[in-house]
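Here is what each chain is made of, one letter per residue.
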Amino acid sequence: MHRRTRLSLRSSSINDKENEHEQAQLTASPRKRRSKVPDSSVKDAELPEEDGASSPKKVARKAGRPPALPPAVEDVEEQEDTAHGTGASDLVGKLPEREKEYDELVGFVEGVLSSDGSGSLYISGPPGTGKTATLQRILNHSSFAKKLKPVYINCTSIKSVGSIYKKISEELGLKVGGTTEKQYQGAIEAHLERKHKTIMLVLDEVDQLSSSKQTILYSIFEWPARPTARLILIGIANALDLTDRLLARLQARCELKPQLIQFLPYTKQQIVTILKASLEESNSLSRFPEAALGLLAAKVASTSGDIRRALFIARRLVESAKKEDRKTGSSGAPTVVSMGQVMTVLKQVYGASQTLGNDLEEGFPLQQKILICSLMLMLKHGKNKDITVGKLYDVYKAICTKRNIQAVDQTEFISLCTLVETRGIVRLQGKKEPRMHRVCLQWDEQEVTSALNDKQLIASILSDVSCLGK
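By the naming in an unreviewed UniProt entry, the protein chain is Cell division control protein, taken from Anopheles merus. Database annotation for the protein chain, UniProt heading Subcellular location (unreviewed entry): "Nucleus".

Following this line, the structure appears as structure tokens:
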């Protein structure tokens, strides 16, 4: 679980189609299966291991090197293979620009361990802000690794909400006398009653366990209140208010109320700092003028604050400059990245239908526009008007792929649907897991067209019935 690939700038071809799933590849994490390994992308910067430190806080103060630039999209498969053979010793210390959150997390874990008790924690923040990576560095530190039994589960990998008990049982190596959900749950709770090493159970994308009455989420978050549990339960998701919205009952009992840590999106200056250090480490900083770095950082900070995205774009630009050097056979000064090149790649990454300033100034980001247009396309030309989030995602992804626009992954898409719902344009209905929720359009086509203020995009998508599939 705690293995990771040290990435650096390497030669590879430039692929203008960025895949939003670069999350998987930028992850320098160990086994690339979502069910086993945290997504440590640069959320997930690479930091050196320090010798002779007994406390993760002391080690972290010395470890200041930021992440190596991630591989290009076409290298994903290769990175997944090489990741299997790497040690986790590199993932030690604080992530750059995440020192405060690291200290909070270390303090929480140390407090639980020193009391020989249990505790629960909820970590929130947008994708690419270092949540999983920071947690992984704590798990990989020797002073914690000897005291904890780590169990990491990405909840998007399980087939159904109830199968989470089976997954936890398998990770703990429990022998279960049956195959039902209740039997797996009973085996876990019986294990918590026996003497055991403190368990750190990390549930990434924990909002995927949402159900009609939240029975499973409640039962899991109530485990730390058991007298002999010795359990550190950590839930990770994007939504800030998940515990208040889905687990309101926990707020009434102090012993069940999770502690909260929020990871904010990276700011422009933080992104510049990380990019500079990464480029310097790979001897590529001379290719990036200050103004070009500032433009790149400002764009990423204004849209998502996702450091993985910034590193991906930086790598594409550096590879482009290196390719130019190889073409000209220049042995003199290296080719420098221009402002025009930065703007070109930014438009490729964020969608060619918009100019650089458009999506900063308009009320609707491009991804939300495509989501709404995808829904309108399905309602206008689709055979089945009963549209779920999962079906809508398939059409949305087809539209993005056809237009060379990055598609977000399914977890982010669910959050995107929620954002659009807050505007009153759509309504989500359903008591099952989020991907099965029905999506209903609340506005008519004229109202949507007026609000989106992009007739060309709307007309283009609504006439493209090929994206509906069979």
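Read on for the rest.
A. The overall build of the protein chain, seen in detail. Looking only at helices and strands, the protein chain features 20 helices and seven strands. Per-residue burial for the protein chain yields a buried fraction of 55% across its 470 residues. Considering only contacts within the protein chain whose residues lie at least 6 apart along the sequence, 75% involve residues at least 24 apart. Accessible area of the protein chain: about 19900 Å², with a carbon and sulfur share of 51%.

B. Looking closely at the side chain of Q367. Among the secondary structure elements, Q367 is positioned in helix 16 (residues 366-381). Note on Q367: relative accessible area 18%, which makes it buried. Within the local environment of Q367, its side chain forms a polar contact with the side chain of Y396, the two groups lying 2.4 Å apart. Other than its neighbours up to four places away in sequence, Q367 contacts Y396, C400, I405, Q406, V408 and L416.

C. View of helix 4 (residues 99-115). With 17 residues, helix 4 ought to run about 24 Å at 1.5 Å a step, and its terminal C-alpha atoms sit 24 Å apart, in line with that. Backbone geometry just after helix 4 places D116 at a positive phi near 55°.

D. Seen up close, the nonpolar core. Ranked by internal contacts, the top residues of the largest apolar core, which has 36 residues, are L371, I372, L392, Y396 and F413. Counting residues per element, the ones that place at least two in this core are helix 16, helix 17 (389-402), helix 18 (410-422), strand 6 (426-429), helix 19 (445-452) and helix 20 (455-462). Per-element accounting of this core gives the leading share, nine residues, to helix 16. Apart from the residues lying within four places of it in its own chain, the contact partners of F413 are L371, V389, L392, Y393, Y396 and V408. Of all hydrophobic cores here, the second largest spans 30 residues; its members include I153, V161, L203 and L242.

E. Structural view of helix 19. Within helix 19 the residues assigned to the buried category are V448, T449 and L452. Seen end-on, helix 19 carries its buried residues on one side only, within an arc spanning 100°. Facing away from the buried side of helix 19 by more than 90 degrees, the exposed set consists of Q446 and S450. The elements touched by buried residues of helix 19 are helix 16, strand 7 (438-441) and helix 20.

F. Spatial organisation of the pattern of salt bridges. This model, assessed by the stated rule, comprises 12 salt bridges. R308 is paired through a salt bridge with D306; the nearest N and O atoms lie 2.9 Å apart. Accessibility assignment for this pair places R308 and D306 in one class, buried. With a shortest N-O distance of 3.3 Å, E319 and R315 are connected by a salt bridge. Placement of the pair is E319 and R315 together in helix 13 (residues 307-328), with a separation of four residues, close to one helical turn. For the pair E319 and R315, one class covers both residues: buried. The network of salt bridges with common partners includes E189, E193 and R226.

G. Looking closely at the pairing of strand 6. Residues V426 and L428 line the buried face of strand 6, whereas the alternating positions R427 and Q429 sit on a face that is not buried. Alignment of strand 6 against strand 7, held across four bridges, turns out to be antiparallel. Paired with V426 across the bridge in strand 7 is L441.

H. Structural context of the sheet that holds strand 1 (residues 119-124). Pairing within the open sheet is parallel, and its five strands lie in the order 2-3-4-1-5. With one partner strand each, in any of the chains shown, strand 2 (148-154) and strand 5 (259-262) form the two edges of the open sheet. Shown here is a sheet whose adjacent strand axes are inclined to one another by a mean of 15°, direction ignored. The sheet contact formed by strand 2 and strand 3 (residues 198-204) spans seven bridges and is parallel. Looking at strand 3, one finds that N154 is bridged to D204.

I. Quick look at the packing of aromatic side chains. Considering all chains together, one arrives at four aromatic pairs under this definition. Between Y165 and W223, the ring centres sit 6.1 Å apart and the planes meet at 50°, which makes this aromatic pair tilted. With Y165 in helix 7 (residues 164-172) and W223 in the loop between helix 9 (215-222) and strand 4 (231-237), this pair connects stretches of sequence that are 58 residues apart. Between Y393 and Y396 the ring centres are 6.0 Å apart and the planes differ by 35°, which places this aromatic pair in the tilted class. Taken together, the residues Y393 and Y396, both in helix 17 and three residues apart, mark about one turn of the helix. Overall, the relative accessible area of 5% leaves Y393 in the buried class. Relative accessible area serves as the criterion here: at 0%, Y396 is assigned to the buried category. Chaining the aromatic ring pairs together yields one cluster made of Y393, Y396 and F413. For R98, the ring lying beneath its charged end belongs to Y266, and the centroid distance is 4.2 Å.

The rules behind the values
Residues numbered from 1 in each chain as written. Predicted model: local features only at pLDDT ≥ 70, side-chain atom pairs only at ≥ 80, totals over all residues. Heavy atoms only, no water. UniProt positions renumbered as here; feature names shortened; annotations may be inferred. Helix = DSSP H or I, 4+ residues; strand = E, 2+ residues; numbered from the N terminus. Buried < 20%, exposed > 50% of the residue type's maximum accessible area, 1.4 Å probe, protein only. Contact = heavy atoms within 4.5 Å. Areas by Shrake-Rupley, 256 points an atom, 1.4 Å probe, with all protein chains shown as cover. Polar contact = N/O pair within 3.5 Å; in protein donor to acceptor, adjacent residues only side chain to side chain. Expected span 1.5 Å × (residues − 1). Core = buried A, V, L, I, M, F, W, Y, C linked by side-chain atoms within 4.5 Å. Arc of directions from axis to C-beta. Salt bridge = Lys/Arg side-chain N within 4 Å of Asp/Glu carboxyl O. Pairing = 2+ DSSP bridges. Axes fitted to C-alpha atoms, helices over the stretch in contact; angles between N-to-C directions. Phe/Tyr/Trp six-rings, centres within 6.5 Å; stacked < 30°, edge-to-face > 60°. Lys NZ or Arg CZ within 6 Å of the ring centre and 35° of its normal.

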